[in-house]
Amino acid sequence: MAAALTQARLEPRVSTRTPERKSLLTRIVRNRVLLLMCLPAVVFFIVFNYIPLPGAWIAFTNFNYRDGIFGSPFVGFRNFEFLIKSGQLWLLTKNTLLYNLAFIVLGNILQVALAIMLNEIRSKYFKKISQAVMFLPYFISVVLVGVIAFNLLNYDTGALNALIEQTGGDPIKIYSIAGAWPIIIIAFHLWQSTGYGSIVYFAAIMGIDNSLFEAAAIDGASAWQRVRYIILPSLKPTFIILLLFSLGGIMKGNFGLFWNLVGNNAALFQTTDIIETSVYRMIISQNNFTSSAAVGLYQSLFGFAIVMLANWIVRRINEDYALF
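Residues numbered from 1 in each chain as written. Predicted model: local features only at pLDDT ≥ 70, side-chain atom pairs only at ≥ 80, totals over all residues. Heavy atoms only, no water.

Draft legend 1. Structural context of the nonpolar core. Counting residues in each nonpolar core, the largest one holds 27 residues, and the members touching the most others are Ala59 and Ile250. Broken down by secondary-structure element, the contributors of at least two residues to this core are helix 5 (78-86), helix 6 (88-120), helix 12 (223-247), helix 15 (275-284) and helix 16 (289-317). Broken down by element, the residue count for this core peaks at seven residues, all from helix 16. Discounting chain neighbours no more than four positions away, the residues touching alanine 59 are Gly76, Asn79, Phe80, Thr290, Ala293, Ala294 and Leu297. In this structure, Ala149, Ala178, Ile186 and Phe188 belong to the second largest nonpolar core, which totals 21 residues. (Core = buried A, V, L, I, M, F, W, Y, C linked by side-chain atoms within 4.5 Å. Buried < 20%, exposed > 50% of the residue type's maximum accessible area, 1.4 Å probe, protein only. Helix = DSSP H or I, 4+ residues; strand = E, 2+ residues; numbered from the N terminus. Contact = heavy atoms within 4.5 Å.)

Right, dumping it as structure tokens:
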């Protein structure tokens, strides 16, 4: 008995009490610097994303100014039914999806290629000059991009038609050829965004351990082998994460670019009309808030579904690459 008591005294006591949870106020005070850094982003999303949410009710009403948003007659899904029967919704969805898929796929491929080429430049000064030249188009206003496109492509005084006439050809009415504009819009978008978008990939390349490149040089690996077996596998997580982020806006078109390149040219709507431009025309020319709200709500729900589906697929393949 005495031996058992002596053994119990010698054994360390293990507390069975659970640690007290820190109060919310204590955690706020302790992390006040981080919370203050997040405050601008939180305010932005509250003001521009959460406060306008009740306005989505317009999509289910026959809106009029006298009764307001919640006093206007409720019509259910009649506004959506009108868009589906008119065939306009399918055209807008198709154009928006195809343009954004082209922007995402081609844009990411060119950004990776550009970042790799920048990394292979050995002259420090030439690398800085190249970066400045490639970043410059991103900071050019889309209004100016539209002016550049018009001066290149217009029928009467455009540089392209002037070159064609000087070589003995007939001028082309590009602003009447709907099939040519997907290529033109994609080309201008890539020209404006590729240089700036390559920054993330270039930073990821800079973060690769130099010992890998040194070992590859000792083994006699060529530049292409370093790219294939070291750089590209290291960029894979970054590529997937940026791809998922891009899919979040796959139903959002670049309104400024489309409107300044195409404008209100009905001859090109078949291949250039996207959700943003259509909603803008509904509000400005037809004063149609209900149909525009219905299209906007459809756009948000469709984009949300695509993000969730893409994240689920990535999570099934490799959980480490998923957003959540």
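Moving on from the coordinates now.
Draft legend 2. Structural detail: the packing of helix 6 against helix 12. Viewed as axis vectors pointing N to C, helix 6 and helix 12 meet at an angle of 140 degrees, and their least axial separation amounts to 10 Å. Compared by their axis directions, helix 6 and helix 12 come out oblique. Seen from above, helix 6 lies across helix 12 with right-handed handedness. Residues Ile104, Asn108, Val112, Ile116, Asn119 and Glu120 of helix 6 form the contact with helix 12, whose participating residues are Ala223, Arg226, Val227, Ile231, Leu232, Leu235, Phe239, Leu242, Leu243, Ser246 and Leu247. For the contact of helix 6 with helix 12, a count of residues per class yields twelve nonpolar, three polar and two charged. (Axes fitted to C-alpha atoms, helices over the stretch in contact; angles between N-to-C directions. Parallel < 35°, antiparallel > 145°, perpendicular 65-115°, else oblique. Left-handed = near helix turned anticlockwise from the far one by under 90°. Nonpolar A, V, L, I, M, F, W, Y, C, P; charged D, E, K, R; others polar.)

Draft legend 3. Local environment of the pattern of salt bridges. Within the structure shown, the criterion is met by four salt bridges. Salt-bridge contacts for arginine 122 lead to glutamate 120; the nearest nitrogen and oxygen are separated by 3.8 Å. Residue classification places arginine 122 among the exposed residues on the basis of a relative accessible area of 63%. Here glutamate 120 falls in the partly exposed class, since its relative accessible area comes to 26%. Between arginine 281 and aspartate 273 there is a salt bridge, and its shortest N-O distance comes to 2.7 Å. What makes arginine 281 buried here is its relative accessible area of 13%. For aspartate 273, a relative accessible area of 4% gives the class buried. A cluster of three or more residues bridged by salt bridges with shared partners is formed by Glu120, Arg122 and Arg226. (Salt bridge = Lys/Arg side-chain N within 4 Å of Asp/Glu carboxyl O.)

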